[in-house]
Every structure is written in C-alpha cells, then in structure tokens.
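A closer look at the structure
Residue strings, one per chain:
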Amino acid sequence: MESGPAIFAGVVFALFGGGLLVWTAVRVRHREPVAHGVSPVASVTLATIAAVIALILGTWCFTRV
C-alpha cells in the first residue's frame, strides 16, 4: 500500500513532463511562441528544462516503488 502514492506521483510527473515536452516541440515546429512577451530562446529553454526535470522526478518516483 505504500507504493500507491509513489506510483501516482510518478505518473503525474511523467504525464506532465511528456506533455510539456511534446507541446513545446509542436510550438517550436510551427514557429509559434512558447510564451508571449518572453524571448523565444529563453521560453523554449525553460520549458524544456522544466519538462526534463519533471520526467526525471517521475523516473525517481518509479524507482521508489
């Protein structure tokens, strides 16, 4: 029963990170801004870093199961 919260958190982090990474890639591919009013390079970099960190946290949660 103690692995339930780790699985839930891992799924949430993995879905968020994967979704953010896909969304950022689609926006960049269509040459649309990732964030309005921010430098395109900075917004893509920050979104990608946040997505990778979320995926790493999801992986870490799954190793705790």
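Report follows, based on the coordinates. (Residues numbered from 1 in each chain as written. Predicted model: local features only at pLDDT ≥ 70, side-chain atom pairs only at ≥ 80, totals over all residues. Heavy atoms only, no water.)

Points about a nonpolar patch on the surface
- On the surface, I7, V11, L15, F62 and V65 cluster together into a nonpolar patch covering about 450 Å² of accessible area.
- Considering each element in turn, the nonpolar patch owes the most residues, three residues, to helix α1 (residues 3-29).
- On the accessibility criterion, F62 (39% relative accessible area) is partly exposed. (Patch = residues over 30% accessible without salt bridge, like charges linked within 9 Å, V, L, I, M, F, W, Y side chains within 5 Å. Areas by Shrake-Rupley, 256 points an atom, 1.4 Å probe, with all protein chains shown as cover. Salt bridge = Lys/Arg side-chain N within 4 Å of Asp/Glu carboxyl O. Helix = DSSP H or I, 4+ residues; strand = E, 2+ residues; numbered from the N terminus. Buried < 20%, exposed > 50% of the residue type's maximum accessible area, 1.4 Å probe, protein only.)

Observations concerning α1
- Given a rise of 1.5 Å per residue, 27 residues ought to cover 39 Å, and the 38 Å separating the end C-alpha atoms of α1 matches this to within 8%.
- Directly beyond the C-terminal end of α1, a positive phi value near 60° is found at R31. (Expected span 1.5 Å × (residues − 1).)

A short note on unusual backbone geometry
- At R31, a residue that is not glycine, the phi angle is positive and equals roughly 60°.
- Within the secondary structure, R31 is located in the loop between α1 and α2 (40-63).
- With relative accessibility at 77%, the residue R31 sits in the exposed group.

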